[in-house]
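# Descriptive structure summary
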Amino acid sequence: MTTFACKLKMSYNIFLLAFVLGIGGTFQYGLQVSIINSPAEYIKSFIRETWLKRYGSPPSEEMITLMWSFVVSIYSIGGLLGSLSAGYLSVRFGRKKAMLFTNIPALLSATLVGLSRLCGSFEMIVAGRLFSGVCGGLALNIHLMYAGECAPRKLRGLIAITASTAIAVGKFVGFALGLREVLGVDALWPILMAANALPALIQLLTLPFFPDSPRYLLIDKKDKEGCIKAVKQLWGDGDHTAEIDDMMAEQEAIRGEKAKSVCDLFRDKAVRWQLITLFLVSSCMQLIGINVVYFYAYNVFIKAGIPPAQIHYVSLGVGITEILTTVLCGFLIERAGRKTLLWKSHAVMALALGLLTVTLSLQDSFFWVPYCSVALIFIFIMSFGIGPAGVLCSLPTEIFIQSYRPAAYVFNGATNWIQLFILGLLFPFIVEGLGSFCFIIFLTYCLSMAIFAFLVMPETKGKTMLQVMEEFNCLNYRGKKRQTALQQRNCSVMIVTRL
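Residues numbered from 1 in each chain as written. Predicted model: local features only at pLDDT ≥ 70, side-chain atom pairs only at ≥ 80, totals over all residues. Heavy atoms only, no water.

Let us look at a nonpolar patch on the surface. Residues Ile77, Leu81, Ile418, Phe421, Ile422, Leu425 and Leu426 make up a contiguous nonpolar surface patch of roughly 580 Å² in combined accessible area. Listed by contribution, the elements that provide at least two residues to the nonpolar patch are α5 (61–92) and α22 (405–434). The dominant element in the nonpolar patch, judged by the number of residues it contributes, is α22, at 5 residues. Its place among the elements puts Leu426 in helix α22. The exposure class assigned to Leu426 is partly exposed, which follows from its relative accessible area of 44%. (Patch = residues over 30% accessible without salt bridge, like charges linked within 9 Å, V, L, I, M, F, W, Y side chains within 5 Å. Areas by Shrake-Rupley, 256 points an atom, 1.4 Å probe, with all protein chains shown as cover. Salt bridge = Lys/Arg side-chain N within 4 Å of Asp/Glu carboxyl O. Helix = DSSP H or I, 4+ residues; strand = E, 2+ residues; numbered from the N terminus. Buried < 20%, exposed > 50% of the residue type's maximum accessible area, 1.4 Å probe, protein only.)

Below, the discussion takes up the confidence of the model for the chain. Summing up the model confidence of the chain, the mean pLDDT is 86 and the portion of residues at 70 or higher is 91%. Within the chain, the lowest mean pLDDT, 42, falls on helix α25 (residues 482–498), and the highest, 97, falls on helix α11 (residues 197–206). Confidence drops under pLDDT 50 across residues 1–6; counting only partners more than four residues distant or on other chains, this segment forms 5 contacts. (pLDDT = per-residue confidence, 0-100. Contact = heavy atoms within 4.5 Å.)

Relative to the elements of secondary structure, Ala350 occurs in helix α19 (residues 338–361). Each C-alpha atom of the pair Ala350 and Ala450 lies 8.7 Å from the other, and the pair is 100 residues apart in sequence. Ignoring sequence-local partners within four residues, the contact set of Ala350 consists of Leu443, Cys446 and Leu447.

An ideal rise of 1.5 Å per residue puts 16 Å on 12 residues; helix α13 (residues 224–235) measures up with 16 Å between its terminal C-alpha atoms. Listed in full, the buried residues belonging to α13 are Gly226, Cys227, Ala230, Val231, Leu234 and Trp235. The buried residues of α13 occupy an angular sector of 135 degrees when projected down its axis, which confines them to one face. Exposed side of α13, more than 90 degrees from the buried face: Glu225 and Lys229 are the residues found there. Residue Gly236 follows α13 closely and has a positive phi angle near 100 degrees. (Expected span 1.5 Å × (residues − 1). Arc of directions from axis to C-beta.)

To continue, consider the environment of Leu192. Structurally, Leu192 is set in helix α10 (residues 189–193). In this structure Leu192 comes out as buried when scored by relative accessible area, which is 0%. C-alpha separation for the pair Leu192 and Gly178, spaced 14 residues apart in sequence, amounts to 7.2 Å. Those residues within four positions of Leu192 in sequence are excluded, and the remaining contacts are Ile35, Ser38, Pro39, Leu177, Gly178 and Leu183.

With that settled, the discussion passes to the nonpolar core. Among soluble globular proteins, nonpolar side chains are generally buried collectively. Counting residues in each nonpolar core, the largest one holds 61 residues, and the members touching the most others are Leu265, Ile288, Phe380 and Phe400. Sort the elements by how many residues they give to this core and α19 lands first, with 8 residues. Counting 31 residues, the second-largest nonpolar core is a separate cluster that includes Val20, Leu100, Ala151 and Leu158. (Core = buried A, V, L, I, M, F, W, Y, C linked by side-chain atoms within 4.5 Å.)

The phi angle at Lys222 is positive, at roughly 60 degrees, despite the residue not being glycine. Considering the arrangement of structural elements, one finds Lys222 in the loop between α12 (214–220) and α13. Lys222 gets classed as exposed once you look at its relative accessible area, which sits at 52%.

What follows deals with the state of the cysteines. Evaluated as defined, the whole model comprises 0 disulfides. Free cysteine Cys329: the closest other cysteine sulfur is in Cys393, separated by 8.1 Å. Overall, the relative accessible area of 0% leaves Cys329 in the buried class. (Disulfide = S-S within 2.5 Å.)

Right, dumping it as structure tokens:
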């Protein structure tokens, strides 16, 4: 039996935990992102009918557009509120209880949206979308933190990437449920919009059987016995002394410090390059141009000869591609490493965007050009799934020690939601003003990230948290502070050796 197969056999409980976390965690985010597209016209009709019944006159088209924009954008505001709360909840109540708490706004959202038509209130849809955003903001941060802290070092990347897979599966399920053959009809849109209740209930019933994060139990709660018990339940009955010693070394390095705030994250020079790295990599989720590619995909598929009625099924194919690439990333990340996957995938995406700019400009010139555009879209999506979409999941856990980790996730989540909101406002104007040449903006970012990852970013594969911290100290303390950094590294090595 191979070493990897042995790991799977000894650690099946950690994969079960990853599945349970995914169902009520990042799956909810992916579901809400895609599920809103199908019932758009039905919800607009409902707003129009409700307005007419209340006020006796039909609303203007501008009012309908405004209300629909509010329904869509309020999700990002809820996500930002959830992200800002994730750090406090995960420190105050622990990762497990905080994760269970995320299901409460999900159930409130499903109740409000599911009953909105019966009650004749489109305001309930707005409130429901706000609560679903809070759920998404909490789930994105706490899921990644919980999964990353529960995984053994050699499976840390693979377990963290299950969060990215859950997002892709959530998008696919949202598209599938929105088909006319399933729930995508006028009579069933309230049920479609309330579909997030089922995964929330599944997690509420199953997560209590799993322990809290071993790192949280040992470092934050000082509960060594609870940590050892959690490790055995999640990883099996093997010898895990080295992993526990790593946690104790991290606890010693922290020296009893309380969890840091986001302000501390900006002030402390010891984590400056970790923060820069996290910001640049997390920004790729919006600035990489994935939403623009999806926007142009419809027209490209039409030009390639796919009937408009079949486009929804092609979208399912795109969703399956994203799922498969995140799974592939899970198997590659512990072999190729985070740094290699990042710089190579960004380079491929930059090339794909450059070629896509050319093919979209020549879309009507030659019959074979649309087929090239379709191939480039799939290449871009595959590179996105193998690289940044997967690597970002494990990055905050690996580059920040325990005291900074909750604040790092808050910063990561807030950055993601703010950029999503701003890009959502600017995106129509960017496309209208630049057309297919808007890809040049995103191409520049991808190329810059490929250079940054190749030249600056340290590799984190197979390293302890303290070893990663020492790597970043070489960047954080240059020149005058070089001697201080060397002293810190020597101190850390002495701690690990003693343990």
